[in-house]
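Observations on chain architecture
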Amino acid sequence: MKTKIWICGFLALAMSSICTLLAEERSPGEIVYGPKAGFNISAPEGWVVDNESGNGQDLPCVLYPKGSSWRDGKTVMYAKVASPQWEGVNTFVAWAIQGMKAKHGTPKEKIASGKTKDGHDYFINEYPATKTYSQWERVGYVQLPQAVAYIVLSSRDQASYQKDSGALEKVLKTLVYVEPKSETASGQEYAHRYRQLLDQHAERQIEPLLTEWREKAPDDPDAWITSANYYFNQRQTNISTKKPGPGDITLTDKKGKLAGSISFEQEKADMKRAADLLEEATTKFPDHLDIWCGLAFMYQESGNFDNELSTLKKMVAYAREHPAQLKWLKGEPLNEPADKFVPAKLHEYGLYYEKKENPEDDKRWYEIATLAIEQYPNDPQGFKDAAGYWADIGEWQKARESFEKAHQLDPKSAAPLIALGQISVEMKDFVSARKYYEDALKLEPNGQYAQEAKERLRRLKSK
């Protein structure tokens, strides 16, 4: 059995969005953009909305109570648009619940519902803390045109959750749909016509339109991105009462009993067409990291790790040579330096394999971590991921060395110290473990890991 040396974060879902401040200072309102839709939200009274503090976790729009911060708030929120393959809220939520069951257990579904400020339907699911996950969370889901918005509220303890959980619905009631940025970019008429055809289910007209868009607007990256997404999303969603098979989503009734399954079928020709379009787009628009990441994601979804890793290597090579001109969704500049942004993306791809928890995928996790270490040796994340891999297979000395390197690169973070304490306990080096936990407490006496450090020190007294 693996010994997990990994610091749990907040509720993680498939996601792809960016957040833009409406004013130069942090303001009560934010716009969250995704590839197919966006939305504006406002902070409730007594809260702050922030587009900087969550960037390291790919959370570009976070909220927390005034007087606290994203790092130490007992309750925080973040807002996202789901990845572009999820256009229907019910299918997205079913998939998310299935992926979270091992850690979160069965949620309480639709504990509240209502309408956003502009009349879109929302509902809220509750995810209570479990023995394996200490956070108390609830998530508000909103069906937007061709996209799903969601806002997560997460509390460190039940008392904070009971006190602050009502803030989520207050935020949902401020939400207003925003047209995707492609409407104002080149090719806006094609983008508008494409959405009309989708709404009309006029499939026979869509492919000729996309072909014309690429021919008539050769400098518009959205023409290739939209085309690739169209073919990629041609998966058939099958909802049935049959028992779930490998890779299917399990459906349960309100009592938690098996009710059926959701399965996805996709033609290999459609997947190849989508990947070929993005391969072409990487040569035409190599500074768009979102295109590189989209291509890597498609290879990941199709189980082609070799092509995924090759794509990531090419992306990193280009980013290393052209760090100042890189762009993200809709041509926006990166929200942080490339030598921070790119390692964070590599970390996300590695986590996909880490969560599978099997030897073959763990090796893939390590390969991506190694790429990050080799190309960005001054960023701690690759060393943290490599350390997690070594810990998973019981190579404690190698895990310790990697976490020590991560701590050297990020001496203000308590997370590596907590992990080093855990590893030292596994190595029966209780003196070092005690020192690591004490150092973590000195660094963050009241921070995110303080309680964990105190608890582990208490356990060490009996050693």
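Residues numbered from 1 in each chain as written. Predicted model: local features only at pLDDT ≥ 70, side-chain atom pairs only at ≥ 80, totals over all residues. Heavy atoms only, no water.

1. Quick word on the pattern of salt bridges
According to the stated counting rule, one finds 18 salt bridges in the structure shown. The partner of K108 in a salt bridge is E126, with the nearest N and O atoms 3.7 Å apart. Within this pair, whereas K108 is found in strand β7 (residues 108-115), its partner E126 is found in strand β8 (residues 121-127), the two being separated by 18 residues in sequence. Close ionic contact of D379 with K340 constitutes a salt bridge, the shortest N to O distance being 3.7 Å. Taken as a pair, D379 in the loop between α11 (359-375) and α12 (381-392) and K340 in helix α10 (residues 338-354) lie far apart in primary sequence, 39 residues in all. (Salt bridge = Lys/Arg side-chain N within 4 Å of Asp/Glu carboxyl O. Helix = DSSP H or I, 4+ residues; strand = E, 2+ residues; numbered from the N terminus.)

2. A look at the packing of α11 against α12
Contact geometry of α11 with α12 gives a least axis separation of 8 Å together with a crossing angle of 150°. Relative to α12, α11 is oriented roughly antiparallel. Of the two elements, α11 crosses α12, and the hand of that crossing is left-handed. In this structure, α11 uses D362, K363, W365, Y366, A369, A372 and I373 to contact α12, whose residues at the interface are G382, F383, D385, A386, G388, Y389, W390 and D392. (Axes fitted to C-alpha atoms, helices over the stretch in contact; angles between N-to-C directions. Parallel < 35°, antiparallel > 145°, perpendicular 65-115°, else oblique. Left-handed = near helix turned anticlockwise from the far one by under 90°. Contact = heavy atoms within 4.5 Å.)

3. Looking at the packing of aromatic side chains
Under the counting rule described, the total for this entry stands at 18 aromatic pairs. Three or more aromatic residues link up through ring pairs in this structure, and these residues are W86, F92, W95, F123, Y141 and Y150. Positioned over the ring face of F123 is K110, at 4.9 Å from the centre of the ring. Positioned over the ring face of Y376 is R320, at 5.5 Å from the centre of the ring. (Phe/Tyr/Trp six-rings, centres within 6.5 Å; stacked < 30°, edge-to-face > 60°. Lys NZ or Arg CZ within 6 Å of the ring centre and 35° of its normal.)

4. Here's the deal with the environment of M100
You can see M100 is positioned in helix α1 (residues 89-104). By relative accessible area, which is 5% here, M100 ends up buried. The spatial distance from the C-alpha of M100 to the C-alpha of Y127 is 9.5 Å, given a sequence separation of 27 residues. (Buried < 20%, exposed > 50% of the residue type's maximum accessible area, 1.4 Å probe, protein only.)

5. Focus on the nonpolar core
L289, L312, M315, V342, L346 and I368 are the most contacted members of the largest nonpolar core, which has 52 residues in total. The element best represented in this core is helix α9 (residues 305-321), accounting for seven residues. Setting aside chain neighbours within four positions, we find M315 in contact with L289, W292, C293, V342 and L346. By size, the runner-up hydrophobic cluster in this structure holds 29 residues, among which are A147, A167, L168 and L175. (Core = buried A, V, L, I, M, F, W, Y, C linked by side-chain atoms within 4.5 Å.)

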